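Examination of the molecular architecture
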Amino acid sequence: MRFEDFVDSRLDALLRYAVVLTGDPHLAQDVVQETMVRAQVKWRRICRADRPEPYVKRMLTNVYLDWRRGPWWRRVLLRGDDTPEPPVHADHAQAAVERDAMWLLLAGLPRRQRAAVVLRYYEGLADAEIADVLGCAVGTVRAHISRALATLRTQLGPVTAGGER
């Protein structure tokens, strides 16, 4: 597979993953762009792998995790109204409130915990696959997800039987 073919077929999916991972569509574009530059340089090695997408997804995750180590101007987080649209709900105002609340909750998680949660619940990966993407042990993945969910539960507060907080 040529690099151009890979980009044509998988760029949109990688960008969606990056938006969920970063919480910011502009930062997601920057992370994907940086990843694609790195992937193009290493494409001979990547294309020899049986499945290049997990390799590139791991690169993208690492770029995201290392993003704040760069220059100060990369650390500026701009929030816009062009976040991905949630599923269609009858009450659009409530859907917007829930979406914004979830973005804020995810943004408050440590980066590795956030990456583990996104890989599990957005990408649908198993613990072993997440461990491969994050470059850690399966037990560490489970710990990240457990701590993240505990933090999210604490921040959400108790939920009543009717689903209200």
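Presented here is an overview of the structure given in this document. Here the structure is a predicted model, which is why all the values come from computation and not from measurement.

Parameters at a glance
Residues numbered from 1 in each chain as written. Predicted model: local features only at pLDDT ≥ 70, side-chain atom pairs only at ≥ 80, totals over all residues. Heavy atoms only, no water. Helix = DSSP H or I, 4+ residues; strand = E, 2+ residues; numbered from the N terminus. Buried < 20%, exposed > 50% of the residue type's maximum accessible area, 1.4 Å probe, protein only. Lys, Arg positive; Asp, Glu negative; His and termini not counted. Salt bridge = Lys/Arg side-chain N within 4 Å of Asp/Glu carboxyl O. Polar contact = N/O pair within 3.5 Å; in protein donor to acceptor, adjacent residues only side chain to side chain. Contact = heavy atoms within 4.5 Å. Expected span 1.5 Å × (residues − 1). Bend = angle between axes of the 7 residues up to and from the residue. Core = buried A, V, L, I, M, F, W, Y, C linked by side-chain atoms within 4.5 Å.

1. Considerations on the side chain of Arg 114
- With respect to the element layout, Arg 114 can be found in helix α6 (residues 111-122).
- Put simply, Arg 114 is tucked away with no salt bridge, and the nearest opposite charge, on Asp 24, sits 9.2 Å away.
- A polar contact is formed between the side chain of Arg 114 and the backbone oxygen of Leu 21, at a distance of 2.7 Å.
- In this view, Arg 114 contacts Val 20, Leu 21, Thr 22, Gly 23, Tyr 64, Trp 103, Leu 106, Ala 107 and Leu 109; residues no more than four positions away in its chain are not counted.

2. Quick word on the pattern of salt bridges
- Tallying each qualifying case throughout the model produces 9 salt bridges.
- Put simply, Arg 2 and Glu 4 hold a salt bridge, and the shortest N to O gap is 4.0 Å.
- With a relative accessible area of 40%, Glu 4 lands in the partly exposed category.
- Arg 58 serves as the salt-bridge partner of Asp 132, at 3.7 Å between the closest nitrogen and oxygen. Residue Asp 132 is located in helix α7 (residues 127-134), and its partner Arg 58 is located in helix α4 (residues 52-66); the two are separated by 74 residues in the primary sequence.
- On the basis of relative accessible area, Arg 58 is assigned to the partly exposed category, the value being 31%.
- Among the charged side chains, a network of salt bridges with common partners joins Arg 10, Glu 53, Lys 57 and Glu 123.

3. Topic: the environment of Gln 113
- The topology assignment puts Gln 113 in helix α6.
- Along the sequence, Gln 113 and His 144 sit 31 residues apart, while their C-alpha atoms lie 4.8 Å from each other.
- Other than its neighbours up to four places away in sequence, Gln 113 contacts His 144, Arg 147 and Ala 148.

4. Comments concerning helix α1 (residues 3-22)
- With 20 residues, α1 ought to run about 28 Å at 1.5 Å a step, yet its terminal C-alpha atoms sit only 24 Å apart, falling short of that.
- Its axis deflected by about 55 degrees at Arg 10, α1 carries its strongest bend there.
- By the burial criterion, the buried members of α1 are Phe 3, Phe 6, Val 7, Ala 13, Leu 14, Tyr 17, Ala 18, Val 19, Val 20, Leu 21 and Thr 22.
- Looking one or two residues past α1, Gly 23 carries a phi angle of roughly 80 degrees, positive in sign.

5. Side note on the nonpolar core
- Residues Val 56, Leu 60 and Ile 130 are the most contacted members of the largest nonpolar core, which totals 36 residues.
- Secondary-structure elements contributing two or more residues to this core are α1, α2 (25-41), α3 (43-47), α4, α6, α7 and α8 (138-156).
- Among the elements that take part in this core, α1 stands out by supplying 9 residues, more than any other.
- With residues near it in sequence (within four places) discarded, Ile 130 still touches Ala 116, Leu 119, Arg 120, Leu 125, Val 141 and Ile 145.
- Within the second largest apolar cluster, 6 residues are counted, among which are Leu 105, Val 117, Ala 148 and Leu 152.

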